[in-house]
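# Reading the structure
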Amino acid sequence: MSIDQSGGTPCTEILGAVYAYLDNEPVSVERDLIRLHLQACPPCCDEFDIEALLKELVAKSCCGEQAPSQIRQRIMTQITQIQVEISKQTP
Ligand SMILES: [Zn+2]
């Protein structure tokens, strides 16, 4: 693992800061320093891209804003269908 790709910050420290940044946790390393390191260090850049993609996918599948409204819409449709069926059955 190489040191001093940019500004003497070790890869481990940069990756740790990236993980913290993705988790919305306080980051001890400046974001500009992270970006500069990622541009200068392909291994870190690769890892950051994969991790960012995974986090994004998990966030979208678990707590995206579209899912609840889709579920609510489906429930509302089902309620309407049930009401129609009940009103048909009742003379
Ligand atoms: Zn690196």
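Computed from a predicted structure; not experimentally measured.

What follows is about the overall build of the chain. Scanning the chain from terminus to terminus reveals four helices and zero strands. Across the 91 residues that make up the chain, the buried fraction comes to 10%. In the chain, once contacts between residues fewer than 6 apart in sequence are set aside, the share between residues at least 24 apart is 50%.

Here the focus is the nonpolar core. Counting eight residues, the largest nonpolar core is built from Ile14, Ala17, Val18, Ile34, Leu38, Cys41, Cys44 and Phe48. Ranked by residues supplied to this core, first place goes to helix H1 (residues 11-22) with three residues. Residues within four places of Cys44 in sequence aside, it is in contact with Cys11, Ile14, Leu15, His37 and Leu38.

Those residues of helix H2 (residues 31-40) that sit buried are Ile34, His37 and Leu38. All buried residues of H2 fall inside an arc of 100° around its axis, so they share one side. Residues Asp32 and Gln39 are exposed on H2 and point more than 90 degrees away from its buried face.

Reading guide: rules and limits
Each chain has its residues counted from 1, running along the sequence as written. Residue-level local features of this predicted model are given only where pLDDT is at least 70; pairs of side-chain atoms are given and counted only at 80 or more, and the full residue set underlies all totals for whole chains, interfaces and linings. Elements are defined by DSSP. Helices are runs of H or I of four residues or more, strands are runs of E of two residues or more, and each kind is numbered from the N terminus. Exposure classification rests on a simple neighbour count of other C-beta atoms within 10 Å of a residue's own: a residue reaching 20 or more is buried, one at 12 or fewer is exposed, and one in between is partly exposed. C-beta atoms are placed from the backbone. Here, residue contact means that the backbone-derived C-beta atoms of the two residues sit within 7 Å. We define the nonpolar core as any set of buried residues of the types Ala, Val, Leu, Ile, Met, Phe, Trp, Tyr and Cys, connected via C-beta atoms lying within 7 Å of each other. Picture the helix axis, draw a direction to every C-beta atom, and the arc is the one those directions span.

All quantities given are derived from atomic positions and should not be read as evidence of function.
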